[in-house]
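# Descriptive structure summary
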Amino acid sequence: FPVTLKLFHPLCVSAGHLALPRKLVETRVQIQESVRGKDVFVIQTVSKDVNTTIMEMLIMVYACRTSCARSITGVLPYFPYSKQCKMRKRGSIVSKLIASMMCKAGLTHLITMDLHQKEIQGFFNIPVDNLRASPFLLQYIQEEIPDYRNAVIVAKSPSSAKRAQSFAERLRLGLAVIHGEAQDAESDQVDGRHSPPTVKTTGAIHPSMEIPLLIPKEKPPITVVGDVGGRIAIIVDDIIDDVDSFVAAAETLKERGAYKIFIMATHGILSSDAPRFIEESAIDEVVVTNTIPHELQKLQCPKIKTVDISMILSEAIRRIHNGESMSYLFRNIGVDD
């Protein structure tokens, strides 16, 4: 993820791999110059090997801390493990663990973009600047989609309706919501509150102490709330990884009369066979930012387009370094953006 800074000299922090006996691999960081009393910005892009990425950043931050850096700001365009921000049965809230590890390593400030849930900021005890990519995506819609006035913003599930509503209000367009799709892994039904057994025990319990059982949820038929006939459908979301739900949503919209389908997302993870599925689907174009490298996926699927957001990250770094206000970067940004 390239960010060019011309206002101050960047600090060189290099990470290398030290091969140990028995085929063990450890990460070793060596700082090439003195960082004593300086502001350090550690820019780390999340790769496919996300665990190695996290360890590299933690070791780099700790190395700068022990070298007496005045402040250490982490720049993570995509915050890893952000999807694991809720309790899943007997699992754990991993994003809270990652936040605690970063603070413990010595991070004093974090710059990221479009957290999966904005409440993740509460996991940190340091300042967090959650930048938004929506201005860049909105600009792409206005400049690169010729007939965007004939478009409708679509939420592929009710959970993403707030984001879609924000896009629709800013573009003065209509809104549609797809309801009834298969329940994903982020529903509240699979959180920690579902862990007690749902079967009625035969133990001796006083009738007044019996806990009522919930009625199981049933999947309703797929419906589209809103008119998409003869329109351009623009599906908006924050992350596109497993594209099955997007492909299914595109087929549903095609059946309802949409003649073009665009997908706008901030983080294009595009794992596994996602490029092939997109190429073979009814989707016309997938637009993502460069918070995550996806050059290989673009070679496999020409439908994938990239929006550059390095400008806002570099401006955030400049303002933090110079002690300027960050409010300029959040102009007209609402809670649902």
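Read on for a plain summary of the structure. (Residues numbered from 1 in each chain as written. Predicted model: local features only at pLDDT ≥ 70, side-chain atom pairs only at ≥ 80, totals over all residues. Heavy atoms only, no water.)

A word on helix α4 (residues 161-171). Those residues of α4 that fall on the buried side of the exposure criterion are Ala161, Arg163, Ala164, Ser166, Phe167, Ala168 and Leu171. Buried residues along α4 sit against α3 (134-144), β7 (151-155), β8 (174-179), β10 (232-240) and β11 (260-268). Directly beyond the C-terminal end of α4, a positive phi value near 60° is found at Arg172. (Buried < 20%, exposed > 50% of the residue type's maximum accessible area, 1.4 Å probe, protein only. Helix = DSSP H or I, 4+ residues; strand = E, 2+ residues; numbered from the N terminus. Contact = heavy atoms within 4.5 Å.)

What follows deals with the sheet that holds β11. Reading across from one edge, β9-β8-β7-β10-β11-β12-β13 is the order of the seven strands in this open sheet, with mixed pairing throughout. The sheet terminates laterally at β9 (223-225) and β13 (304-307), the two strands that pair on one side only. In this sheet, adjacent strand axes meet at a mean angle of 25° when their direction is disregarded. Across the face of the sheet, α3 comes into contact with β10, β11, β12 (285-289) and β13 while running at roughly 155° to β11. Running at roughly 170° to β10, helix α5 (residues 244-255) makes contact with β7, β8, β9, β10 and β11 of the sheet. (Pairing = 2+ DSSP bridges. Axes fitted to C-alpha atoms, helices over the stretch in contact; angles between N-to-C directions.)

Here we come to the side chain of Thr53. As for its placement among the helices and strands, Thr53 is situated in helix α1 (residues 50-66). The class for Thr53 is buried, based on a relative accessible area of 6%. Those residues in contact with Thr53 that lie beyond four places of it in its chain are Gln44, Thr45, Val46 and Ser47.

This next bit is on the nonpolar core. Membership of the largest hydrophobic core comes to 38 residues, with the highest contact counts inside it found for Ile111, Leu131, Ile141, Ile153, Ile234, Met264 and Ile312. Of all the elements in the fold, those that place two or more residues in this core are β5 (109-113), α3, β7, α4, β10, β11 and α8 (310-322). Inspection of this core shows a minimum of three residues originating in each of domain 1 (1-131) and domain 2 (134-180 + 221-307). Not counting the four nearest positions on each side in its chain, Leu131 is found in contact with Ile111, Thr112, Met113, Asp114, Ile312, Leu313, Ala316, Met326, Leu329 and Phe330. (Core = buried A, V, L, I, M, F, W, Y, C linked by side-chain atoms within 4.5 Å. Domains from an automatic or database assignment.)

We now examine the environment of Ile309. Along the polypeptide, Ile309 turns up in the loop between β13 and α8. Along the primary structure Ile309 and Phe136 are separated by 173 residues, whereas in three dimensions their C-alpha atoms are 7.1 Å apart.

Taken together, the side chains of Met55, Leu97 and Met101 present a nonpolar region at the surface, about 250 Å² in accessible area. Mapping Leu97 onto the fold places it in helix α2 (residues 94-105). (Patch = residues over 30% accessible without salt bridge, like charges linked within 9 Å, V, L, I, M, F, W, Y side chains within 5 Å. Areas by Shrake-Rupley, 256 points an atom, 1.4 Å probe, with all protein chains shown as cover. Salt bridge = Lys/Arg side-chain N within 4 Å of Asp/Glu carboxyl O.)

Attention now moves to unusual backbone geometry. Within the chain, Lys89 stands out as a residue other than glycine whose phi angle is a positive 50°. Structurally, Lys89 is set in the loop between β4 (71-76) and α2. One non-glycine residue, Asp114, adopts positive backbone phi at about 45°. Assignment of secondary structure puts Asp114 in the loop between β5 and β6 (128-131). The buried category is assigned to Asp114, whose relative accessible area is 4%.

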